[in-house]
Amino acid sequence: KAGVTQTPRYLIKTRGQQVTLSCSPISGHRSVSWYQQTPGQGLQFLFEYFSETQRNKGNFPGRFSGRQFSNSRSEMNVSTLELGDSALYLCASSLGTSGGTNTGELFFGEGSRLTVL
Amino acid sequence: GEDVEQSLFLSVREGDSSVINCTYTDSSSTYLYWYKQEPGAGLQLLTYIFSNMDMKQDQRLTVLLNKKDKHLSLRIADTQTGDSAIYFCAESITDTGFQKLVFGTGTRLLVSP
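Quick caveat, the model's predicted, so the values are computed rather than measured.

### Remarks on the overall build of chain A
From N to C terminus, chain A includes 0 helices and 11 strands. Dimensions of chain A, computed from C-alpha atoms along their principal axes, come out at roughly 45 × 25 × 25 Å. A burial count over chain A gives 52% of its 117 residues as buried. Partitioning the contacts of chain A with sequence separation of at least 6, the portion at a separation of at least 24 is 56%. Working note: accessible area of chain A is about 5,500 Å², and carbon and sulfur atoms make up 48% of it. Each charge sign in chain A was given a centre, from 11 positive and 7 negative side chains, and these centres are 3 Å apart.

### What about the sheet that holds strand 1 (residues 5–6) of chain B?
Residue and element names in this part refer to chain B. The sheet built from 5 strands is open, its strands ordered 1-3-8-7-6 with antiparallel pairing. One side of each edge strand has no neighbouring strand; the edge strands of this open sheet are strand 1 and strand 6 (55–58). Where strand 1 and strand 3 (residues 18–23) come together, 2 bridges link them in antiparallel fashion. Residue pairing for strand 3: Gln6 is matched across the bridge by Cys22.

### Regarding the pairing of strand 3 (residues 19–24) of chain A
Residue and element names in this part refer to chain A. Relative to strand 3, strand 1 (residues 5–7) runs antiparallel, the two being bridged by 3 bridges. Looking at the pairing, Gln6 lines up with Cys23 of strand 3. Here strand 3 pairs with strand 8 (residues 74–78) via 5 bridges, running antiparallel. Residue Leu21 lies in a different strand from strand 8, and its bridge partner there is Met76.

### Comments concerning the interface of chain B and chain A
Each partner contributes to the interface: chain B provides 18 residues, whereas chain A provides 18 residues. Where chain B abuts chain A, roughly 1,600 Å² becomes buried across the two surfaces, and 54% of that area is made up of carbon and sulfur atoms. For the chain B face of the interface with chain A, the top three residues by lost area are Leu43, Phe98 and Phe103 of chain B, together amounting to 25%. For the pair chain B and chain A, the interface holds 0 salt bridges. At the surface where chain B touches chain A, the tally comes to 4 residue pairs in polar contact (both at pLDDT 80 or more). It is strand 10 (residues 98–103) of chain B that provides the largest number of residues to the side of chain B that touches chain A, a total of 5 residues.

### Things to note about the state of the cysteines
All names here are of chain A. Tallying each qualifying case throughout the model produces 2 disulfides over all chains. Two residues, Cys23 and Cys91, share a disulfide whose sulfurs are 1.7 Å apart. Every disulfide takes its handedness from the sign of the S-S torsion; for Cys23 and Cys91 that torsion is -55 degrees, giving left-handed. Taken together, the positions of Cys23 in strand 3 and Cys91 in strand 9 (residues 87–94) put the pair 68 residues apart, joining distant regions of the chain.

### Examining a nonpolar patch on the surface
A contiguous nonpolar patch, built from Leu8, Phe9 and Leu110 of chain B and spanning about 330 Å² of accessible area, is present on the exposed surface. Counting through the fold element by element, Leu110 of chain B comes out in strand 11 (residues 107–112).

### Some remarks on the packing of aromatic side chains
If you walk through the whole model with that rule in mind, you get 12 aromatic pairs over all chains. Arranged with centres 5.3 Å apart and planes meeting at 90 degrees, the rings of Tyr35 of chain A and Phe103 of chain B form a pair that is edge-to-face. Of this pair, Tyr35 of chain A sits in strand 4 (residues 31–38) while Phe103 of chain B sits in strand 10, on two different chains. The buried category is assigned to Tyr35 of chain A, whose relative accessible area is 1%. The class for Phe103 of chain B is buried, based on a relative accessible area of 8%.

Procedures and definitions
- Residues numbered from 1 in each chain as written.
- Chains lettered and ligands numbered in written order.
- Predicted model: local features only at pLDDT ≥ 70, side-chain atom pairs only at ≥ 80, totals over all residues.
- Heavy atoms only, no water.
- Helix = DSSP H or I, 4+ residues; strand = E, 2+ residues; numbered from the N terminus.
- Buried < 20%, exposed > 50% of the residue type's maximum accessible area, 1.4 Å probe, protein only.
- Contact = heavy atoms within 4.5 Å.
- Areas by Shrake-Rupley, 256 points an atom, 1.4 Å probe, with all protein chains shown as cover.
- Lys, Arg positive; Asp, Glu negative; His and termini not counted.
- Charge placed at Lys NZ, Arg CZ, Asp CG, Glu CD.
- Pairing = 2+ DSSP bridges.
- Buried area = accessible area lost by both parts, 1.4 Å probe.
- Salt bridge = Lys/Arg side-chain N within 4 Å of Asp/Glu carboxyl O.
- Polar contact = N/O pair within 3.5 Å; in protein donor to acceptor, adjacent residues only side chain to side chain.
- Disulfide = S-S within 2.5 Å.
- Patch = residues over 30% accessible without salt bridge, like charges linked within 9 Å, V, L, I, M, F, W, Y side chains within 5 Å.
- Phe/Tyr/Trp six-rings, centres within 6.5 Å; stacked < 30°, edge-to-face > 60°.

Next comes the structure, spelled out in structure tokens:
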């Protein structure tokens, strides 16, 4: 089955602009998590959505937001972009439920590389 | 805290064994994972280990878990140049009633011919 799809793969924005990134999870997965990856900070958890509800949130300012639709697709938005927002944004999907044979693993997309000038 | 720590860099020769180490924080983690990231790509799950296991072997990969010391290691036998990548360990922790994965800083493995 198809993997996690992220769009766009690359984008360039200027300071002050806003950006929306999209993620389509693996079919049947109801949880979508977002991570920011930078050389200095590594992988930082942004937030997780399950059945259209935000379940977990990392320590990022309110400029970072997200949502999930009824088909489990998710978007994240960054407003008032800063130079430090330049990063690889990774989306990961999972079943989102615990117990049974579910090992809780995340399946990652290829990422959206954002450059802020 | 939620710090998962790894050494930043490891360099080996082709054919040697590589051992990547990780220390984690949450003793109640149910599963621990190893992910691989190649340049310009997302993370790919390599293997995982259930917390009640000490060891898991999967072809060239061996995972060792020391729960007492909260130490996890990944051994790659007969390391190949195609194994050059960044390797992340991750632990599952329960936050606000739900599980989330916390990743280590990543270890960059360089395999030279």
